[in-house]
Amino acid sequence: DGGAAACSYLPPSAASARLGYEDVNESGNFVLSACGTRRVAVRYAPHEALSAELAERVVEYGKLRAFETSDGRGWGLCCARRLRRGDVVVEAIGRCLSEEEYEAVDQTEYVVSFDDETLERKRAAGDDVLYIDARQQGNMMRLANDSAQPNLKLLYWPPPQRGGLPRRA
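Residues numbered from 1 in each chain as written. Predicted model: local features only at pLDDT ≥ 70, side-chain atom pairs only at ≥ 80, totals over all residues. Heavy atoms only, no water.

### Here we look at unusual backbone geometry
Most peptide bonds adopt trans geometry, and most residues besides glycine take a negative phi value. The residue after Trp157, namely Pro158, is reached through a cis peptide bond having omega -5°. Relative to the helices and strands, Pro158 is located in the segment after β9 (137-138). (Helix = DSSP H or I, 4+ residues; strand = E, 2+ residues; numbered from the N terminus.)

### As for the packing of aromatic side chains
In total, this model carries three aromatic pairs according to the counting rule given. Ring geometry for Tyr9 against Phe67: centres 6.2 Å apart, planes inclined by 45°, an arrangement best described as tilted. Taken as a pair, Tyr9 in the segment before α1 (12-19) and Phe67 in strand β4 (residues 64-68) lie far apart in primary sequence, 58 residues in all. The class of Phe67 is buried, set by a relative accessible area of 12%. With a centroid separation of 3.8 Å and an interplanar angle of 0°, the aromatic rings of Tyr102 and Tyr131 are classed as stacked. (Phe/Tyr/Trp six-rings, centres within 6.5 Å; stacked < 30°, edge-to-face > 60°. Buried < 20%, exposed > 50% of the residue type's maximum accessible area, 1.4 Å probe, protein only.)

### A few points about the pairing of β4
Summarising the sheet, β4 and strand β5 (residues 75-79) pair through five bridges and their orientation is antiparallel. The residue of β5 that forms the bridge with Ala66 is Leu77. Taking the residues that link successive antiparallel strands as the turn, the β4-β5 hairpin has six residues, and the phi of Gly72 there is positive, at about 85°. (Pairing = 2+ DSSP bridges.)

### A word on the nonpolar core
Residues Leu64, Ala66, Leu77, Val90 and Met140 are the most contacted members of the largest nonpolar core, which totals 30 residues. Considering each element in turn, this core owes the most residues, three residues, to β5. Each residue touching Val90, except ones within four places of it in the same chain, is listed here: Tyr61, Leu64, Leu77, Asn139, Met141 and Ala169. (Core = buried A, V, L, I, M, F, W, Y, C linked by side-chain atoms within 4.5 Å. Contact = heavy atoms within 4.5 Å.)

Next comes the structure, spelled out in structure tokens:
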């Protein structure tokens, strides 16, 4: 049925240890310094903060669980509490990549991007948040998989009506 295998639900810290990535959910998105050794936090403008309504709907990160699917598709994401329509499950967190850095990535399995139209607008505006790489440093969002029957949708924030371009997913 594609469900979870018995007894394999892992909270965030155990999931990152088991799956071999550093969980950077608490520190947030970052870029690497010019020398490539220091992380520089990506700061968001006040208008890029979640609305009060959405902020109330954010699922507590510690409630997320990784599970190994029973049908061999790999790992997935679930929640230890019942989700309601409109809940914000998890933000894509990781290393933000430039166009040049993204082009050098061989394996893009855990790299999140924006839809093509939004990417073009962001490129034209010189926006530096184009791709979020969760391969080595990321969070549980890397386990939200594509599905023929999706139960989540990617939300770009802020929406166009709030001004500017979305910088969060």
